[in-house]
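# Summary of structural features
For reference, the chains in residue letters:
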Amino acid sequence: MNVLAYAKLNLTLDILRRREDGYHDLQMVMESISLADTLTIANGEGEVSTNLRYLPTDRRNLAQMAAAAFREATGLGGAVNIAIEKAIPVCAGLAGGSADAAAVLRAMNQLTGAGLSLEALADIGQRVGSDVPYCVLGGTALAEGRGERLTLLPPLPHCHVVVCKPPFSISTPWLFSQVKVHKIVRRPDTAGVMEALEKGDLAGVARRMYNVFEDVLEPRHMATIAAIKAVLINCGALGASMSGSGPSVFGLFASEQDAKRAYRRLLEQYQSVFLCQTVDGLV
Ligand code: C5P
């Protein structure tokens, strides 16, 4: 069985509080884009393979963890072989690993005939990682709590998206450790984004996007993020933001021509640049 695992963007990312368990309560508006890994899943010996040699394929691999979590939760399904063709850059703030895990859960649900609801699959997914429940559903959604409390939102009006991943990685736990919640000055206008979604107002969404992690980056990384945003906006993006714990930056475009111009400009400077579109969710 072949399944696509779509990358996610954070249209907004806000941190509300630090919890007793070390995690943070978040408020994020999420969106799926057509940039996707392809997974081939078949009955087998439990092997995971990928086209990127440096990725772990053992129990640290989120797809492998998802298959184990599914078996544990349902008692169904023997070992499966999972071949992952990565297109989503790794450690990029695009939930690539979580998307793969979610795709495995959906595929095993079908292969075994378990017939679990997407909600039940999302519930299994939260044991694998904070972004997995959202990736099970996809589309436009508000994610709260650790990321597991999901509310579907009216879909973001279809648009063109340019994503650029600069050539460095940021550790998610490190980034969370840098945030002093009471010191956050600039936050996304989450309520405004949700109102704009209700109205089908793409520009209204785009100009209210923000990610609170952008203010705690190391200065040299902050400068790179700002430079990529400037290219996107100068080429006609309606708004631009960093996704997740970065370092990927994206811009939303109403015009395909403008998006192509931004894509070409960024390709002159960066290797990991993608021209894609929004995709609707599964529900
Ligand atoms: O759940 P996941 O493994 O994706 O999270 C990675 C790390 O990010 C956690 O170990 C934690 O340090 C941090 N995190 C957090 N609050 C969240 C999600 C993740 O502090 N809501």
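About the thresholds
Residues numbered from 1 in each chain as written. Predicted model: local features only at pLDDT ≥ 70, side-chain atom pairs only at ≥ 80, totals over all residues. Heavy atoms only, no water. Helix = DSSP H or I, 4+ residues; strand = E, 2+ residues; numbered from the N terminus. Rg over C-alpha atoms; globule rule 2.2 N^0.38 Å. Contact = heavy atoms within 4.5 Å. Areas by Shrake-Rupley, 256 points an atom, 1.4 Å probe, with all protein chains shown as cover. Lys, Arg positive; Asp, Glu negative; His and termini not counted. Charge placed at Lys NZ, Arg CZ, Asp CG, Glu CD. Axes fitted to C-alpha atoms, helices over the stretch in contact; angles between N-to-C directions. Parallel < 35°, antiparallel > 145°, perpendicular 65-115°, else oblique. Left-handed = near helix turned anticlockwise from the far one by under 90°. Nonpolar A, V, L, I, M, F, W, Y, C, P; charged D, E, K, R; others polar. Pairing = 2+ DSSP bridges. Phe/Tyr/Trp six-rings, centres within 6.5 Å; stacked < 30°, edge-to-face > 60°. Lys NZ or Arg CZ within 6 Å of the ring centre and 35° of its normal. Buried < 20%, exposed > 50% of the residue type's maximum accessible area, 1.4 Å probe, protein only. Core = buried A, V, L, I, M, F, W, Y, C linked by side-chain atoms within 4.5 Å. Near = heavy atom within 4 Å. Polar contact = N/O pair within 3.5 Å; in protein donor to acceptor, adjacent residues only side chain to side chain.

## Observations regarding the overall build of the protein chain
A count of helices and strands for the protein chain gives nine helices and eleven strands. For the protein chain, whose C-alpha radius of gyration is 18 Å, the value lies close to the compact-globule estimate of 19 Å for 283 residues. The C-alpha extent of the protein chain, read off along each of the three principal axes, is 50 × 40 × 35 Å. Nonlocal contacts in the protein chain, meaning residues at least 24 apart in sequence, comprise 72% of its contacts between residues at least 6 apart. Accessible surface computed for the protein chain: about 12,600 Å², of which carbon and sulfur atoms make up 49%. Charge separation in the protein chain, taken as the distance between the mean sites of 27 positive and 28 negative side-chain charges, equals 5 Å.

## Some words on the packing of helix H2 (residues 96-111) against helix H3 (residues 118-125)
With their axes 10 Å apart at the nearest point, H2 and H3 run at an angle of 130° to one another. Here H3 runs oblique to H2, going by the angle between their axes. In the crossing of H2 with H3, the sense of the turn from one axis to the other is right-handed. Counted together, Leu 105, Arg 106 and Asn 109 of H2 and Leu 118, Leu 121, Ile 124 and Gly 125 of H3 form the full contact between these two elements. Counted by class, the contact of H2 with H3 contains four nonpolar, two polar and one charged residues.

## With respect to the pairing of strand E1 (residues 2-18)
When E1 meets strand E2 (residues 24-43), the two strands line up antiparallel, connected through 15 bridges. Counted as the bridge partner of Leu 9 is Glu 31 from E2. Judged from the two bridges that link them, E1 and strand E8 (residues 210-211) form a sheet pairing that is parallel. What sits directly across from Leu 13, in E8, is Asn 211.

## What to know about the packing of aromatic side chains
The way to describe two aromatic rings as a pair is by their centre distance and the angle between their planes. In the structure shown here, the tally under the stated rule is one aromatic pair. A ring pair is formed by Phe 176 and Phe 213, whose centres lie 5.0 Å apart and whose planes are at 85°; its orientation type is edge-to-face. Residue Phe 176 is found in helix H5 (residues 172-178), and its partner Phe 213 is found in the loop between E8 and helix H8 (219-234); the two are separated by 37 residues along the sequence. Between Arg 146 and the ring centre of Tyr 23, over which it is positioned, the NZ or CZ distance is 4.5 Å. Over the aromatic face of Tyr 210 sits the side chain of Arg 186, whose NZ or CZ is 3.9 Å from the ring centroid.

## Some words on unusual backbone geometry
Negative phi is the rule for most residues except glycine; trans is the rule for most peptide bonds. Across the junction of Gly 246 and Pro 247, the peptide omega takes the value 0°, indicating a cis bond. As for its position among the elements, Pro 247 is in the loop between strand E9 (239-242) and strand E10 (249-253). In this structure, Cys 91 is a non-glycine residue whose phi angle is positive, near 50°. Looking at the secondary structure, you find Cys 91 in the loop between strand E4 (80-85) and H2. Given a relative accessible area of 55%, Cys 91 falls into the exposed group. Phi at Ala 95 is positive, roughly 60°, even though this residue is not glycine. Following the sequence through the fold, Ala 95 ends up in the loop between E4 and H2.

## Looking at the nonpolar core
If you look at the biggest cluster of nonpolar residues, it comprises 91 residues, and the most contacted ones within it are Ile 15, Ile 82, Leu 232 and Leu 252. Contact partners of Ile 82, with chain neighbours within four places excluded, come to Leu 39, Thr 40, Ile 41, Glu 47, Val 48, Ser 49, Ala 63, Ala 67 and Val 104.

## Some details on the site of the ligand
By nearness alone, every residue bordering the ligand is listed as Gly 22, Tyr 23, His 24, Leu 26, Ser 130, Arg 146, Thr 172, Pro 173 and Phe 176. His 24 places a polar side-chain atom, nitrogen or oxygen, 2.7 Å from an oxygen atom of the ligand. Arg 146 is positioned such that a nitrogen or oxygen atom in its backbone is 3.3 Å from a nitrogen atom of the ligand. Its free accessible area being 460 Å², the ligand has 70% of it covered by the protein chains. Element by element, the count of residues in the shell around the ligand is highest for H5, at three residues. Its residues assigned to classes, the shell around the ligand comprises four nonpolar, four polar and one charged.

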